[in-house]
Amino acid sequence: MALDGVKYLQTIVDNVPGGVFCCRYDEPLTLLHVTDGFLRMLGYAREELEREKRNSFRALFFPPDVEPTLSEVRMQLALGDTKEIEYRLVRRDGCVIWVLDKGQLMRDEAGGEIFYCILVDITRQKQAQEELNQTAQRMRILMEQTDDVIFEWDVSKWELTVSSMWTRKFGP
């Protein structure tokens, strides 16, 4: 049994990890269409999104991210009609999540500008990166506090990295 084109595309969109949406490129970023995955990711039912946020995508942004995000979007659009940006959104339950937003700006038949976008929740990756950064910072502090020379040899790259104590003990 073959799927028709529309049903086939809808099946693909429904199974994208994250959500798909389109919105006007206006002040509230008026949502025109959202997938079930978008709603699940943000914890809203369609009616709640309409009633509580008046279908404003901008209203979902983590407040400190609004201006930097919109500024970055404008900078990317100055170079073309696509955007790829990371920022935070607030779920209905109040939790803040990081998302990767990849989208394209297109014009409708009336000349209005509409974004077609895919959102992916990258909160776990951002948390893992932050933990890695904290561990690296702790290692730097420990290396600066010791009187021992610490080195790391990456055999595959034939690269030797030494602590600052090397220079103090042996010179450059």
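The structure we're discussing is the one just above.
Residues numbered from 1 in each chain as written. Predicted model: local features only at pLDDT ≥ 70, side-chain atom pairs only at ≥ 80, totals over all residues. Heavy atoms only, no water.

*Asks:* Help me understand the overall build of the protein in this model?
*Replies:* Within the protein one finds six helices and seven strands. Ordered by position in the sequence, the α and β elements of the protein form the string α-β-β-α-α-α-β-β-β-α-β-β-α. Here the C-alpha coordinates of the protein stretch approximately 70 × 45 × 35 Å along the principal axes. Expressed as a percentage of the 172 residues in the protein, the buried residues total 28%. Counting only carbon and sulfur atoms, one obtains 55% of the accessible surface of the protein, whose full area is about 11800 Å². In the protein, the 22 positive side-chain charges and the 29 negative ones have mean positions that sit 3 Å from each other. (Helix = DSSP H or I, 4+ residues; strand = E, 2+ residues; numbered from the N terminus. Buried < 20%, exposed > 50% of the residue type's maximum accessible area, 1.4 Å probe, protein only. Areas by Shrake-Rupley, 256 points an atom, 1.4 Å probe, with all protein chains shown as cover. Lys, Arg positive; Asp, Glu negative; His and termini not counted. Charge placed at Lys NZ, Arg CZ, Asp CG, Glu CD.)

*Asks:* Just checking my understanding: could you explain empty space enclosed by the protein for this structure?
*Replies:* Picture a little ball the size of a water molecule; that probe, rolled over the atoms, points out where space is still empty. Throughout the structure, instances matching the rule amount to one cavity of 30 Å³ or more. By volume, the largest cavity is sized at about 100 Å³. In this structure, the largest cavity is lined by 13 residues; those nearest its centre are Leu29, Val73, Lys83, Asp101 and Phe115. Elements with a minimum of two residues in the lining of the largest cavity: strand S1 (19–24), helix H4 (66–77) and strand S3 (82–90). Element by element, the count of residues in the lining of the largest cavity is highest for S3, at three residues. Across the lining of the largest cavity, the residue classes break down as eleven nonpolar, no polar and two charged. (1 Å grid on protein atoms, 1.4 Å probe; cavity = no way out; pocket = protein on both sides within 12 Å on 5 of 7 lines; lining within 4 Å. Points joined across faces, edges and corners; volume = space filled by probe spheres on them. Nonpolar A, V, L, I, M, F, W, Y, C, P; charged D, E, K, R; others polar.)

*Asks:* I tried to follow the pairing of S1 on my own but got confused; where do I start?
*Replies:* Both faces of the sheet carry side chains from a regular strand, because those side chains alternate between them. Judged by how many residues are buried, S1 sits mostly within the fold: five of six residues are covered. With six bridges connecting them, S1 and strand S5 (residues 113–121) associate as antiparallel partners. Note on S5: the bridge partner recorded for Arg24 is Ile114. Across three bridges, the pairing between S1 and strand S2 (residues 31–34) is antiparallel. Along S2, the bridge assignment pairs Phe21 with Val34. Connecting the antiparallel pair S1 and S2 is a turn made up of six residues, with Leu29 showing a positive phi of about 55°. (Pairing = 2+ DSSP bridges.)

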